[in-house]
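What follows is the residue order along each chain.
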Amino acid sequence: MFGIDFSKFTDVFNRILLPAINETVYMSLVSTFLAFVIGIIPAVLLIISDKDGLKPNSKVYFILDICVNILRSFPFIILIIVLFPITKMIVGTSIGTTAAIVPLTIGAAPFVARLIENSLKEVDRGIIEAAKSFGASNFQIIFRIMFVEALPGIISAFTLTLIVNIGFSAMAGAVGGGGLGAVAINYGYQRFRPDIMFYTVVILIIMVQIVQILGNYLYKITKK
C-alpha cells in the first residue's frame, strides 16, 4: 500500500523507531515538567495582580500579560533558532535531544502560565472569601485552596501541554532535535522511505491518544 513494505516493520521499529520514540518521550515529558515549574510563577503573579486578585496591581498585570502574550505568539521553529546560543550555554550544544528541551520548555512555559491562570480564575470566589474570613494568608489561599480546587483544570492543562510538546518535539527534529521528527525527515523524506514516514505519523497519533486518554482519566478522578 502506497509503496510501504510492512514485512520490514519489526526491523525498522527496533533499529530506528524505538530509539526515536524514547527520545520523543524524554523530550516531551521533561520539557513539559520544566515548563510547568517555570509557568507557575507568572501564573501566580497574574492571578494575584489581576483586578479581582488578592493584591490587584494593574501595572504588574499589564506587563506580565504583554510578556506572556508575546512569548506565546513566537513561532516555535524560529524560537529554536533564536535560542541556539542560550541552549549551547546551558547544555553545551545546540543540537540533540537534550538541547531540544530548552526551546521546548521556554516555548511552552508562557502557554502553561496562561492555562494555569485560567484554571485558577475558575475557582469559586465564595471559597476564597470564606478562606479570607478564617484568616488564611495569601500563600495559603493560593497553594492550599486555589490550586487544590483548580487541580482538574491544571491536569487538563498538563495534558494539553504535553500533547503540544509532542508535536513541537517532532518539529525540533527538523533542526537536529532528534526523536520521531528527525527520523521522519532523515529517513522518510530525505531517503524516500514512505514506510518510515507512515510509521512515524501513526506512532505520533497513538502517543497523543494515549496521553489524552490518561489525561481524561485523571481529570475525571480529581473532578469527583
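Everything below is about the structure shown above.
Described below are features of the structure shown in this document. All values derive from a computational prediction rather than experimental measurement. (Residues numbered from 1 in each chain as written. Predicted model: local features only at pLDDT ≥ 70, side-chain atom pairs only at ≥ 80, totals over all residues. Heavy atoms only, no water.)

## Quick notes on the overall build of the protein
Part 1: Counting secondary structure elements, the protein contains 10 helices and 0 strands.
Part 2: Along the protein, helices and strands appear, N-terminal first, in the series α-α-α-α-α-α-α-α-α-α.
Part 3: C-alpha atoms of the protein, sized along the principal axes, occupy 70 × 40 × 25 Å.
Part 4: Residues counted as buried form 42% of the 224 residues belonging to the protein.
Part 5: Pairs at least 24 apart in sequence give 74% of the contacts found in the protein among residues at least 6 apart.
Part 6: Counting only carbon and sulfur atoms, one obtains 69% of the accessible surface of the protein, whose full area is about 12,300 Å².
Part 7: In the protein, 17 positive and 12 negative side-chain charges are present, and the distance between their average locations comes to 3 Å. (Helix = DSSP H or I, 4+ residues; strand = E, 2+ residues; numbered from the N terminus. Buried < 20%, exposed > 50% of the residue type's maximum accessible area, 1.4 Å probe, protein only. Contact = heavy atoms within 4.5 Å. Areas by Shrake-Rupley, 256 points an atom, 1.4 Å probe, with all protein chains shown as cover. Lys, Arg positive; Asp, Glu negative; His and termini not counted. Charge placed at Lys NZ, Arg CZ, Asp CG, Glu CD.)

## Some details on empty space enclosed by the protein
Part 1: By the definition in use, this model includes 1 cavity of 30 Å³ or more.
Part 2: If you go around the largest cavity, you meet 13 residues; those closest to its centre are I80, F84, S94, A100 and V175.
Part 3: Considering each element in turn, the lining of the largest cavity owes the most residues, 3 residues, to helix α5 (residues 97-121). (1 Å grid on protein atoms, 1.4 Å probe; cavity = no way out; pocket = protein on both sides within 12 Å on 5 of 7 lines; lining within 4 Å. Points joined across faces, edges and corners; volume = space filled by probe spheres on them.)

## Examining the pattern of salt bridges
Part 1: Evaluated as defined, the whole model comprises 7 salt bridges.
Part 2: In this structure, E129 engages R125 in a salt bridge whose closest nitrogen and oxygen atoms are separated by 3.6 Å. With E129 and R125 both in helix α6 (residues 125-133) and 4 residues apart, this pair spans about one turn of that helix.
Part 3: Here E129 falls in the partly exposed class, since its relative accessible area comes to 39%.
Part 4: Across the pair D195 and R193 runs a salt bridge, and its minimum N-O distance is 2.8 Å.
Part 5: Exposure remark for D195: the relative accessible area of 6% places this residue in the buried category.
Part 6: Look at R193 and you get partly exposed, because its relative accessible area is 27%.
Part 7: Each of D65, R114, E117 and K121 takes part in one network of salt bridges that share partners. (Salt bridge = Lys/Arg side-chain N within 4 Å of Asp/Glu carboxyl O.)

Just distances and angles here, no functional claims.
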